[in-house]
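# Structural description and commentary
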Amino acid sequence: MLVVGPRRAWIFSGVEVRYVSESLREVTTILHYFDPNLFCAELESRTKDDVLRELTDRLVQGAGVKDPDLLYDMLKRRESLGSTGIGKGVAIPHGRSLAVNELRVLFARSSAGVEFESMDKKPVHLFFLIVAPPQDKRNEYLPLLGRIAELVKEKKVRDKLQACETFEDLADLLEGKFGAVE
Amino acid sequence: MQSNSALSVRLMNLFRLQDLDILIREASDPELKSSEEKMGFAHPHLDKLQAARERLLETIDKRDLRLYQKIAKRLTHAIVPVEDRTCLGCYIGLPTSAVSLTTDPDQLLTCENCGRILYWLE
Ligand SMILES: [Zn+2]
């Protein structure tokens, strides 16, 4: 979680609290959307519907989302439009819903893999659930979706995501990745 | 969220409709569609969403639907939250009289300024 003030930002990554200067804000932006309560090292579900339900339930538990059924219905409908399984073992279920008051991102892994009607027909091991409220005041939702979709195109990143056992591993990866690139 | 359960069900059905309308609108917008396609997402089944919308309309109270459609015709989001007694559609503070309407068991609350349907952020 990153709390951005007018001139400075604080990063809360696990128990570590560090000060980051304004000039570094951009490189850490992606991490600020992730939350230790919205990290799942191993999904229990084995089917697409069950995974959508489990992701929904985990978001409800971890982020105090209002109505799980409303969110689940939206995600199911988004999938009926076309699978959010973008191939190479990655799915990014996403959409806007009145079920959330702010942009939420949940990361989850499945070592067994889940058949998700992906374009390349391969099972999905890495899930990013991204849900935004209808009114996205800071216009963050689509840029974030784009950055995550771009990030997972790299095999090296996917391999590292697959190896993330804890939220701290994920935080290190996201910080390291963007620290090194930008 | 209103405490009256019948009203909550009516409001929740309208929430579903707005979520679906946003999905349909974004999937039909050429610019948004192409930016999602560049990210790797395909939208081959817009027809399925239209069919789901038809089914959903049957579950919605007729008066509520008329109200929603009237607002949605002129404003992007017909349903918006209230935060700190402010309508997050038009950012105008709500008078105390409007806030007290939430206890009316049958009435969906609308903003006196912009007319949008309101719900309370928890
Ligand atoms: Zn208003």
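Going by the structure above, here's the rest.
Rules and cut-offs
- Residues numbered from 1 in each chain as written.
- Chains lettered and ligands numbered in written order.
- Predicted model: local features only at pLDDT ≥ 70, side-chain atom pairs only at ≥ 80, totals over all residues.
- Heavy atoms only, no water.
- Donors = N, O, S within 2.8 Å, 3.2 Å for Na, K, Ca; no water.
- Tetrahedral: all angles 85-135°; square planar, octahedral: opposite > 155°, others 65-115°.
- Buried < 20%, exposed > 50% of the residue type's maximum accessible area, 1.4 Å probe, protein only.
- Contact = heavy atoms within 4.5 Å.
- Buried area = accessible area lost by both parts, 1.4 Å probe.
- Salt bridge = Lys/Arg side-chain N within 4 Å of Asp/Glu carboxyl O.
- Polar contact = N/O pair within 3.5 Å; in protein donor to acceptor, adjacent residues only side chain to side chain.
- Helix = DSSP H or I, 4+ residues; strand = E, 2+ residues; numbered from the N terminus.
- Nonpolar A, V, L, I, M, F, W, Y, C, P; charged D, E, K, R; others polar.
- Pairing = 2+ DSSP bridges.
- Axes fitted to C-alpha atoms, helices over the stretch in contact; angles between N-to-C directions.

### Quick notes on the coordination of the zinc ion
All names here are of chain B. Distances from the zinc ion to its protein donors, C87 (SG), C90 (SG), C111 (SG) and C114 (SG), fall at 2.3 Å. What the four donor atoms of the zinc ion show is an angle range of 105 to 116 degrees at the metal, which sorts the shape as tetrahedral. Each donor residue of the zinc ion lies on the same chain, and together they follow the pattern C-x2-C-x20-C-x2-C. Judged by relative accessible area, C87 falls into the buried class, the value being 0%.

### Some words on the interface of chain A and chain B
Taken together, the contact pairs 29 residues of chain A with 36 residues of chain B. Around 2800 Å² of area is buried between chain A and chain B when both sides are counted, 62% of it from carbon and sulfur atoms. It is A:R77, A:L81 and A:L98 in chain A that bury the most area against chain B; as a group they hold 26% of the surface buried on that side. Here chain A is connected to chain B by three salt bridges. A salt bridge links B:E36 to A:R78; the nearest nitrogen and oxygen atoms lie 3.2 Å apart. Here chain A is connected to chain B by eight residue pairs in polar contact (both at pLDDT 80 or more). Sorting elements by how many residues they give to the side of chain A that touches chain B places helix α3 (residues 68-81) of chain A first, with eight residues. Here the side of chain A that touches chain B is built from residues that sort into twelve nonpolar, eight polar and nine charged.

### Observations concerning the sheet that holds strand β3 (residues 117-120) of chain B
Residues and elements named next belong to chain B. An order of β2-β1-β3 is seen for the three strands of this open sheet, with the pairing classed as mixed. Pairing within the sheet leaves two strands with one partner each, and these edge strands are β2 (86-87) and β3. Two elements, strand β1 (residues 79-83) and β2, share two bridges in a ladder whose sense is antiparallel. Residue pairing for β2: E83 is matched across the bridge by T86. In the packing of helix α1 (residues 5-28) onto the sheet, the strands contacted are β1 and β3, and the crossing angle to β3 comes to about 110 degrees.

### What about the environment of A:R78?
You can see A:R78 is positioned in helix α3. On the basis of relative accessible area, A:R78 is assigned to the buried category, the value being 2%. For the pair A:R78 and A:R96, spaced 18 residues apart in sequence, the C-alpha separation works out to 9.8 Å. Of note is the side chain of A:R78, whose polar atom sits 3.2 Å from the side chain of B:E36.

These results come straight from atomic positions and should not be treated as a statement about function.
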